[in-house]
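Observations on the model geometry
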Amino acid sequence: MTSKLVGKRRERAELAVIPPSVSREEAGTGRVGAVAYPYRVYEAEVTIKRPFMSARTDRFVASVDRSRRLVVRADGVPDAEEMEIEDVLVLPTELSPEQSRAKARESVLQWTLRRYSLNDTPNIEFVRDVDAYKLFWLVERPEGDVIVDSVRGTEDPLAD
């Protein structure tokens, strides 16, 4: 599949994962490998004080990819489930829980600043967080290898 892999390949691993909408079997026939990306997902409640009015409250969900060190907005916090995965490359976690939390807080603040005009620093409280791996299926196909996002079901060519 690919000659330069980063992470630890395991014959079998018990992982807390974001439940796949595309199973390994549905991804393709033949050799199908798995890659597990570490994520930490935060649900944040933001309270914005407003002069002469009651405070405004908003919610954001920040999904921190702990391997690639990036944060994206998410629709909701997934319910992670324990799964035994065979033949899986588990990517290392590059961010500690504290670093993940700081990146999520920074992103939530930026999203708040884009949405609201603020007179004061908003109060950001994390009301829920989930540690889970997101699975990607590596599928060998005659026309070339592809990577399938197990949650979204999207498929992209695998570049070396």
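On a predicted model such as this, the values are computed, not experimentally measured, just so you know. (Residues numbered from 1 in each chain as written. Predicted model: local features only at pLDDT ≥ 70, side-chain atom pairs only at ≥ 80, totals over all residues. Heavy atoms only, no water.)

Attention now goes to the overall build of the chain. Helix and strand counts for the chain come out as two helices and eight strands. With the principal axes as the frame, the chain shows a C-alpha extent of 65 × 30 × 25 Å. Counting over 160 residues, the chain shows a buried share of 42%. Expressed as a percentage of contacts within the chain between residues at least 6 apart in sequence, the contacts between residues at least 24 apart total 73%. (Helix = DSSP H or I, 4+ residues; strand = E, 2+ residues; numbered from the N terminus. Buried < 20%, exposed > 50% of the residue type's maximum accessible area, 1.4 Å probe, protein only. Contact = heavy atoms within 4.5 Å.)

Before going further, it helps to spend a moment on the pattern of salt bridges. Applying the stated rule across the entire model yields 13 salt bridges. Where R40 meets D131, a salt bridge forms, and the shortest distance between an N and an O atom there is 3.2 Å. Residue R40 is located in strand β2 (residues 32-48), and its partner D131 is located in strand β6 (residues 123-139); the two are separated by 91 residues in the primary sequence. Close ionic contact of R66 with D131 constitutes a salt bridge, the shortest N to O distance being 3.0 Å. (Salt bridge = Lys/Arg side-chain N within 4 Å of Asp/Glu carboxyl O.)

Of note, the phi angle at F52 is positive, near 65°, even though the residue is not glycine. For F52, the location among the structural elements is in the loop between β2 and β3 (56-65).

Of all the 10 residues making up β3, seven are buried; the element is thus mostly covered by neighbouring parts of the structure. Of the pairings in the sheet, the one linking β2 to β3 comprises 10 bridges and is antiparallel in character. Across the sheet, E43 pairs through a bridge with V61, a residue of β3. As defined by bridge partners, β3 adjoins strand β4 (residues 70-73) across four bridges and the pair is classed as antiparallel. (Pairing = 2+ DSSP bridges.)

This brings us to helix α2 (residues 97-115). Here α2 is 19 residues long and its end C-alpha atoms lie 27 Å apart, about the 27 Å a rise of 1.5 Å per residue gives. Among all positions in α2, only S100, A104, S107, V108, W111 and T112 are buried. With its buried residues spanning 140° around the axis, α2 presents them on a single face. On its buried face, α2 sits against β2, β3, β4 and β6. (Expected span 1.5 Å × (residues − 1). Arc of directions from axis to C-beta.)

This part is about the side chain of K134. The topology assignment puts K134 in strand β6. Within polar-contact distance, the side chain of K134 engages the side chain of D149 at 2.9 Å. The contact partners of K134, leaving out residues within four places of it in the chain, are I18, V35, A36, Y37, Y39, D149, V151 and R152. (Polar contact = N/O pair within 3.5 Å; in protein donor to acceptor, adjacent residues only side chain to side chain.)

Turning to the pairing of β2, a few remarks are in order. Within β2, 15 of the 17 residues are buried, leaving the element largely enclosed by the surrounding structure. Two strands pair when backbone bridges link them, and β2 and β6 are joined in this way by 16 bridges, in the antiparallel orientation. Looking at β6, one finds that E45 is bridged to E125. By the bridge criterion, three bridges tie β2 to strand β5 (residues 81-90) in an arrangement that is parallel. Following the sheet pairing, V35 is matched in β5 by L89.

Attention now moves to the nonpolar core. In a soluble, globular protein the nonpolar side chains are often hidden away together inside. Formed by 17 residues in total, the largest nonpolar core has its most connected members in L15, A36, V88, W137 and V139. Elements that contribute at least two residues to this core include exactly β1 (8-17), β2, β5, β6 and β7 (146-149). The dominant element in this core, judged by the number of residues it contributes, is β6, at four residues. Those residues within four positions of A36 in sequence are excluded, and the remaining contacts are L15, V88, L89, V90, L91, Y133, K134 and L135. Grouped together as the second largest cluster of nonpolar side chains are 15 residues, I48, A62, V71 and A104 included. (Core = buried A, V, L, I, M, F, W, Y, C linked by side-chain atoms within 4.5 Å.)

Functional significance is not addressed by these values, which are geometric in nature.
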